[in-house]
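Spelled out from the first residue to the last, the chains are:
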Amino acid sequence: DVKVTQSSRYLVKRTGEKVFLECVQDMDHENMFWYRQDPGLGLRLIYFSYDVKMKEKGDIPEGYSVSREKKERFSLILESASTNQTSMYLCASSFNLQGEGYEQYFGPGTRLTVT
Amino acid sequence: SQQGEEDPQALSIQEGENATMNCSYKTSINNLQWYRQNSGRGLVHLILIRSNEREKHSGRLRVTLDTSKKSSSLLITASRAADTASYFCAQVATGANNLFFGTGTRLTVIP
């Protein structure tokens, strides 16, 4: 069974703080993704990674950065948290078969509140 | 934006009835996937249909794909209260390896 875990289910941070969200997968997947989910907007891709140390911007990368030092771990960093980054953050992973886009496996999500 | 759209946004049915959700998208695709999300949780993959397929079944789920209309539908037969969730379609555009999600359909199955 594929397992994707996220470091926190709920997180409350203050404006201006640096925030780290961690994601770990145990299926040796090449691809990892970070999304945010907001009511009425669905899931929007922030960043993704095809391999260790590789990253690609998604639809809404502004205000975020990522790190992938090990294959199983993908971190999302909010350099200076702002209230408009209050959201549900979802991590996902998948195999990488060029052009195939295998199904993604999601973590349980982190609900981040920035006050 | 390459984001697709689900229709309806919300659907409420009685247990035992069938539920149909529709999805439209904008670009040519490699495959289309449906996911379920229970309240406040991560998404769970339900079914994947490739661009050269027209219909696919998995248990009580039936998915159709019409690439000429850039649309798909998800049918859940004999619904159960446990099917209450949000359902999302997501597309892998041709040549891409990431998904573009729609905004979802909120399904409520009344016992």
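The structure under discussion appears in the preceding block.
Predicted model, so just to flag it, every value in this text is computed and none were measured.

**Examining the interface of chain A and chain B**
Across the boundary between the two partners, chain A contributes 26 residues, which contact 23 residues of chain B. Buried area between chain A and chain B, summed over both chains or domains, comes out near 1,800 Å², and the portion from carbon and sulfur atoms is 46%. Applying the counting rule to chain A against chain B returns 0 salt bridges. Inspection of the region where chain A meets chain B yields 3 residue pairs in polar contact (both at pLDDT 80 or more).

**With respect to the packing of aromatic side chains**
Geometrically, a pair of aromatic rings is defined through the distance of the ring centres and the angle of the planes. If you walk through the whole model with that rule in mind, you get 9 aromatic pairs over all chains. Ring plane angle 80° and centroid distance 5.8 Å describe the contact between F106 of chain A and Y35 of chain B, whose orientation is recorded as edge-to-face. With F106 of chain A in strand β10 (residues 105-106) and Y35 of chain B in strand β4 (residues 29-37), this pair bridges two chains. Classification of Y35 of chain B as buried rests on a relative accessible area of 0%. Where F106 of chain A meets F101 of chain B, the ring centres are 6.0 Å apart and the plane angle is 80°; that geometry is what we call edge-to-face.

**Quick notes on the sheet that holds strand β1 (residues 5-7) of chain B**
All names here are of chain B. If you walk across this open sheet you meet the 5 strands as β1-β3-β8-β7-β6, and the pairing is antiparallel. Lying at the two open borders of the sheet, with one neighbouring strand each, are β1 and β6 (55-58). Between one strand and the next, the sheet's axes are offset by a mean angle of 20°, whatever the strand orientation. In this structure, strand β7 (residues 61-66) lies alongside strand β8 (residues 71-76), joined through 6 bridges in antiparallel fashion. In the strand pairing of β8, T64 is matched with S73.

**Quick word on the layout of surface pockets**
Of the pockets and cavities examined, the largest pocket occupies roughly 440 Å³. Q37 and P39 of chain A together with Q37, S86 and F88 of chain B are, among the 19 residues lining the largest pocket, the residues nearest its centre. Class assignment of the residues belonging to the lining of the largest pocket gives a composition of 3 nonpolar, 13 polar and 3 charged.

**Observations regarding the pairing of strand β11 (residues 105-110) of chain B**
All names here are of chain B. Only one face of β11 is buried, namely the one carrying T105, L107 and V109, since none of R106, T108 and I110 on the opposite face is buried. As paired elements, strand β2 (residues 10-14) and β11 share 5 bridges and run parallel to each other. Bridged to I13 within β11 is V109. Across 3 bridges, the pairing between strand β9 (residues 85-93) and β11 is antiparallel. Within β11, the residue paired with S86 across the bridge is R106.

**Looking at the sheet that holds strand β3 (residues 19-25) of chain A**
Across a sheet, strands are paired by hydrogen bonds formed along the backbone, either parallel or antiparallel in direction. All names here are of chain A. If you walk across this open sheet you meet the 4 strands as β1-β3-β8-β7, and the pairing is antiparallel. Strand pairing shows two members of the sheet lacking a second neighbour, β1 (4-6) and β7 (64-70), which therefore form its edges. Taken over all neighbouring pairs, the strand axes of this sheet differ in orientation by 20° on average, direction set aside. Relative to strand β8 (residues 73-78), β3 is paired through 6 bridges, and the arrangement is antiparallel. Counterpart to C23 in the pairing with β8 is F74.

**Some remarks on the pairing of β8 of chain B**
Put simply, side chains in a regular strand alternate between the two faces of the sheet. Residue and element names in this part refer to chain B. For β8, a buried count of 5 out of 6 residues is recorded, marking the element as mostly surrounded by other parts of the structure. Of the strand pairs in this sheet, strand β3 (residues 19-24) and β8 are connected by 6 bridges, and their pairing is antiparallel. Across the sheet, the residue bridging to S24 is S71, located in β8. Joining the antiparallel neighbours β7 and β8 is a turn of 4 residues, in which K70 adopts a positive phi near 50°.

The rules we used
Residues numbered from 1 in each chain as written. Chains lettered and ligands numbered in written order. Predicted model: local features only at pLDDT ≥ 70, side-chain atom pairs only at ≥ 80, totals over all residues. Heavy atoms only, no water. Contact = heavy atoms within 4.5 Å. Buried area = accessible area lost by both parts, 1.4 Å probe. Salt bridge = Lys/Arg side-chain N within 4 Å of Asp/Glu carboxyl O. Polar contact = N/O pair within 3.5 Å; in protein donor to acceptor, adjacent residues only side chain to side chain. Phe/Tyr/Trp six-rings, centres within 6.5 Å; stacked < 30°, edge-to-face > 60°. Helix = DSSP H or I, 4+ residues; strand = E, 2+ residues; numbered from the N terminus. Buried < 20%, exposed > 50% of the residue type's maximum accessible area, 1.4 Å probe, protein only. Pairing = 2+ DSSP bridges. Axes fitted to C-alpha atoms, helices over the stretch in contact; angles between N-to-C directions. 1 Å grid on protein atoms, 1.4 Å probe; cavity = no way out; pocket = protein on both sides within 12 Å on 5 of 7 lines; lining within 4 Å. Points joined across faces, edges and corners; volume = space filled by probe spheres on them. Nonpolar A, V, L, I, M, F, W, Y, C, P; charged D, E, K, R; others polar.

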